[in-house]
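# Structural overview for review
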Amino acid sequence: MIDIEWSKLPFAYFKTDYNVRTYFRDGKWGEVELSSSEYINIHMAASSLHYGQEAFEGLKAFRGSDGKIRVFRWEENFKRMETTAHGIVMQPVPMSIFRESLLKVVKMNEKYIPPFGTGASLYIRPLLIGSGACVGVKPADEYLFLVFVGPVGPYFKEGFSPVNIQIARDVDRAAPLGTGAFKVGGNYAASLSSGERAHHDGYAACLYLDPKEKRFIDECGPANFFGIKGNTYVTPLSTSILPSITNKSLMTLAEDMGLKVERRPVAVEELAEFDEVGACGTAAVISPIKLIQDRELGTVYNYCKDGKAGPVSTKLYNRLRAIQYGEEADKFNWNTIIE
Ligand SMILES: *Cc1c(COP(=O)(O)O)cnc(C)c1O
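As the structure is a computational prediction, the values presented were derived from the model and not from experiment.

Conventions we followed
Residues numbered from 1 in each chain as written. Predicted model: local features only at pLDDT ≥ 70, side-chain atom pairs only at ≥ 80, totals over all residues. Heavy atoms only, no water. Near = heavy atom within 4 Å. Polar contact = N/O pair within 3.5 Å; in protein donor to acceptor, adjacent residues only side chain to side chain. Areas by Shrake-Rupley, 256 points an atom, 1.4 Å probe, with all protein chains shown as cover. Disulfide = S-S within 2.5 Å. Buried < 20%, exposed > 50% of the residue type's maximum accessible area, 1.4 Å probe, protein only. Helix = DSSP H or I, 4+ residues; strand = E, 2+ residues; numbered from the N terminus. Domains from an automatic or database assignment. Contact = heavy atoms within 4.5 Å. Buried area = accessible area lost by both parts, 1.4 Å probe. Salt bridge = Lys/Arg side-chain N within 4 Å of Asp/Glu carboxyl O.

### Observations concerning the site of the ligand
In the vicinity of the ligand, 14 residues are found, and the nearest of them are K183, Y188, S244, T246 and T282. E219 has a polar side-chain atom sitting 2.7 Å from a nitrogen atom of the ligand. A distance of 2.6 Å separates an oxygen atom of the ligand from a polar atom in the side chain of T246. The fraction of the free accessible surface of the ligand (390 Å²) that becomes covered by protein chains is 96%.

Put into structure tokens, the structure is as follows:
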């Protein structure tokens with residue numbers, strides 16, 4: 001066993017032994033190659049560096065209560081990366097290469113998968129970049145698909161405890177019909193200034209509003225937003241939201257638990273009507289929200305009156321975690337067990 005304080009891991013880069021790489025050159029994908037280098041060697045005129053032809057994914061592998069390794073819904077990440085690749089005119093990665101890369105990189109770094117019970121997991125980061133040289137603006141003719149992994153703790157250092165969020169009306173992370181629905185680095189670049197300001201002001205993340213009218217809720221930093229109102233799970237519908245696989249899973253679980261699920265535009269004022277609100281994504285599953293401050297208007301919305309996450313969020317969180325760690329039957333067939 002390696003000597004890692006599993007339960008104290010941050011959500012950060014962690015060097016492991018191997019990553020895997022596949023190159024698209026001369027019109028075809030090559031073999032999945034194992035590498036022990038943390039560096040890539042690419043052309044200085046690569047389209048990813050100049051014109052943002054870059055897509056990534058994020059998913060996790062878990063060591064279960066039975067000792068088995070489970071990867072959560074990787075086919076969904078594959079499909080989303082394919083959609084993103086089409087969205088910014090990159091060569092999509094074939095499913096067989098995506099799958100082989102994932103299984104190989106997890107297996108080869110098996111000793112870095114945190115033990116069951118530590119709350120930690122193995123984060124998997126697939127990356128697809130234009131590596132071909134371009135000076136004129138056009139899609140590259142060469143691509144690199146790379147997957148690295150690393151053990152991580154929860155995304156928000158608070159773990160499953162409520163965070164404060166800031167509404168920023170003076171910044172958009174994506175345009176109404178832009179790249180918001182694709183998992184590209186450019187959306188993150190656009191959100192860094194407001195995100196850093198939120199951190200500086202003492203908030204965990206920014207809540208972005210719809211970039212057209214600023215009337216509706218879009219996304220919560222690098223996560224989707226949801227609210228619970230009575231027996232209903234409500235999550236925004238918008239052309240500039242990244243479709244979260246965690247949110248999709250929570251909607252399924254909510255329905256399974258007898259809740260009504262509504263995916264529709266959510267007006268900012270509706271924040272006053274929710275019993276519980278939260279952000280959801282692979283990194284934290286659910287980050288319950290205790291306070292939302294509207295930076296420009298000064299409005300403040302309060303939740304979690306007793307300082308704890310609400311009962312519905314807690315139930316959803318526990319159920320999803322239980323499925324990921326193999327403690328509850330995988331009734332929707334979400335896990336791939338790695339032998
Ligand atoms: C990745 C991401 C999410 C969360 O998606 P999951 O599939 O649940 O991890 C939400 N919003 C943005 C902007 C993202 O990039």
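After that view of the structure, there is still more to cover.
### Regarding the state of the cysteines
All told, the structure shown has zero disulfides when counted by the stated rule. With no disulfide of its own, C220 lies 8.6 Å from the sulfur of C206, the closest cysteine sulfur. Taking relative accessible area as the criterion, C220 reaches 2% and is therefore assigned buried.

### So, the environment of V137
Structurally, the position occupied by V137 is in the loop between β7 (121-130) and β8 (143-152). Residue V137 is classed as exposed on the basis of its relative accessible area of 70%. Sequence separation between V137 and S37 is 100 residues; the distance between their C-alpha atoms is 31 Å.

### Structural notes on the domain arrangement of the chain
The domains assigned to the chain are domain 1 (6-152) and domain 2 (163-324). Listed by partner, the interface residues are 21 residues for domain 1 and 18 residues for domain 2. Buried area between domain 1 and domain 2, summed over both chains or domains, comes out near 1,700 Å², and the portion from carbon and sulfur atoms is 62%. Of all residues in domain 1, F56, F72 and R80 bury the most surface against domain 2, accounting for 34% of the area lost on that side. The interface formed by domain 1 and domain 2 contains one salt bridge. A salt bridge links E76 to K248; the shortest N-O distance between them is 3.0 Å. Run the count over domain 1 and domain 2 and you get eight residue pairs in polar contact (both at pLDDT 80 or more). Of the residues forming the side of domain 1 that touches domain 2, the biggest block, six residues, is contributed by helix α2 (residues 74-87).

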